[in-house]
Amino acid sequence: SQTIHQWPATLVQPVGSPLSLECTVEGTSNPNLYWYRQAAGRGLQLLFYSVGIGQISSEVPQNLSASRPQDRQFILSSKKLLLSDSGFYLCAWRETSLEQFFGPGTRLTVL
Amino acid sequence: AQRVTQPEKLLSVFKGAPVELKCNYSYSGSPELFWYVQYSRQRLQLLLRHISRESIKGFTADLNKGETSFHLKKPFAQEEDSAMYYCALSGYRGANNLFFGTGTRLTVIP
């Protein structure tokens, strides 16, 4: 069966520090992968999606970037964090169905 | 452009009362609609999708294309229904991404 992992679960970082959040999927091949940010009162905002290795699409201009170095690995990064980057980050995947499956999320606090 | 609107951020009902979580959408085509739910300390998960036309945990949702709505309903709310509910839309274009509403937090009062 398919599973999706995210780490770390929580992270506290100072402003200006770099960021790397990792997401991996097991039990599936060539999935579409997604990064969302969940903020109170703002719902789920799609940040990036990827339809294949090295293929990244950005939905909103921002301080973050994403990479997909392997078929089932999706990384969210930043060179210098801002206070506004604080939030709950969710990774998701899907295959041929439109249904998406979500990871447990990472709570990022930027101080 | 696609848009999903959930007008209620918070909704409280008493146990045993009917509940309706509203969702309206905007999409120039034939969308597929979903309801996702996030219980406390659990992952966001699919509750139901309109093409399945099924009832999950007593919840149903009917796609009304005339009113562009996909309201979630349950005749008798239970305490375990307390959660965050998101309505989402996907179209059969491009990368077929999901577009989420801002969510409604449902609290069922015992």
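Scroll up a little and you will see the structure.
All values derive from a computational prediction rather than experimental measurement.

Each value, and the rule that gives it
- Residues numbered from 1 in each chain as written.
- Chains lettered and ligands numbered in written order.
- Predicted model: local features only at pLDDT ≥ 70, side-chain atom pairs only at ≥ 80, totals over all residues.
- Heavy atoms only, no water.
- Helix = DSSP H or I, 4+ residues; strand = E, 2+ residues; numbered from the N terminus.
- Rg over C-alpha atoms; globule rule 2.2 N^0.38 Å.
- Buried < 20%, exposed > 50% of the residue type's maximum accessible area, 1.4 Å probe, protein only.
- Contact = heavy atoms within 4.5 Å.
- Buried area = accessible area lost by both parts, 1.4 Å probe.
- Salt bridge = Lys/Arg side-chain N within 4 Å of Asp/Glu carboxyl O.
- Pairing = 2+ DSSP bridges.
- Core = buried A, V, L, I, M, F, W, Y, C linked by side-chain atoms within 4.5 Å.

Attention shifts here to the overall build of chain B. Within chain B, the secondary structure is distributed over zero helices and 11 strands. Ordered by position from N to C terminus, the α and β elements of chain B give β-β-β-β-β-β-β-β-β-β-β. The C-alpha atoms of chain B give a radius of gyration of 14 Å, which matches the 13 Å a tight globule of 110 residues would have. Counting all 110 residues of chain B, 46% fall into the buried class. For chain B, restricting intrachain contacts to residue pairs at least 6 apart in sequence, the fraction spanning at least 24 positions comes to 58%.

Our focus in this paragraph is the environment of B:Phe99. Tracing the sequence through the fold places B:Phe99 in strand S10 (residues 98-100). In sequence terms B:Phe99 and B:Ala88 are 11 residues apart; their C-alpha atoms lie 5.3 Å from each other. Not counting residues up to four positions away in its chain, the partners in contact with B:Phe99 are A:Glu59, B:Gln2, B:Val4, B:Cys87, B:Ala88 and B:Leu89.

This paragraph deals with the environment of B:Lys15. Residues and elements named next belong to chain B. Residue placement: Lys15 occurs in the loop between strand S2 (10-14) and strand S3 (19-21). Residue Lys15 is classed as partly exposed on the basis of its relative accessible area, which comes to 47%. Residues Lys15 and Pro31, spaced 16 residues apart in sequence, show a C-alpha to C-alpha distance of 33 Å. For Lys15, the residues in contact, after removing those within four places along its chain, are Ala77, Gln78, Glu79, Val108, Ile109 and Pro110.

It is worth spelling out the interface of chain A and chain B at this point. Listed by partner, the interface residues are 23 residues for chain A and 20 residues for chain B. Between chain A and chain B, a total of about 1700 Å² is buried, with carbon and sulfur atoms accounting for 53% of that surface. Broken down residue by residue, the surface that chain A buries against chain B is led by A:Leu44, A:Leu98 and A:Phe102, which jointly contribute 35%. Linking chain A with chain B are one salt bridge.

Residues and elements named next belong to chain B. An order of S3-S8-S7 is seen for the three strands of this open sheet, with the pairing classed as antiparallel. The outermost strands of the open sheet, each flanked by one partner alone, are S3 and strand S7 (60-61). Direction of pairing for S3 relative to strand S8 (residues 72-74): antiparallel, over a ladder of three bridges. Paired with Leu21 across the two strands is Leu72, which belongs to S8.

Our next topic: the nonpolar core. Within the largest apolar cluster, 25 residues are counted, with the highest numbers of intra-cluster contacts made by B:Trp35, B:Leu72 and B:Tyr85. Only S2, S3, strand S5 (32-38), strand S6 (45-49), strand S9 (83-90) and strand S11 (104-109) of chain B provide two or more residues apiece to this core. Ranked by the residues each element gives to this core, the list is headed by S9(B), at four residues. Grouped together as the second largest cluster of nonpolar side chains are 19 residues, A:Ile4, A:Ala66, A:Tyr89 and A:Cys91 included.

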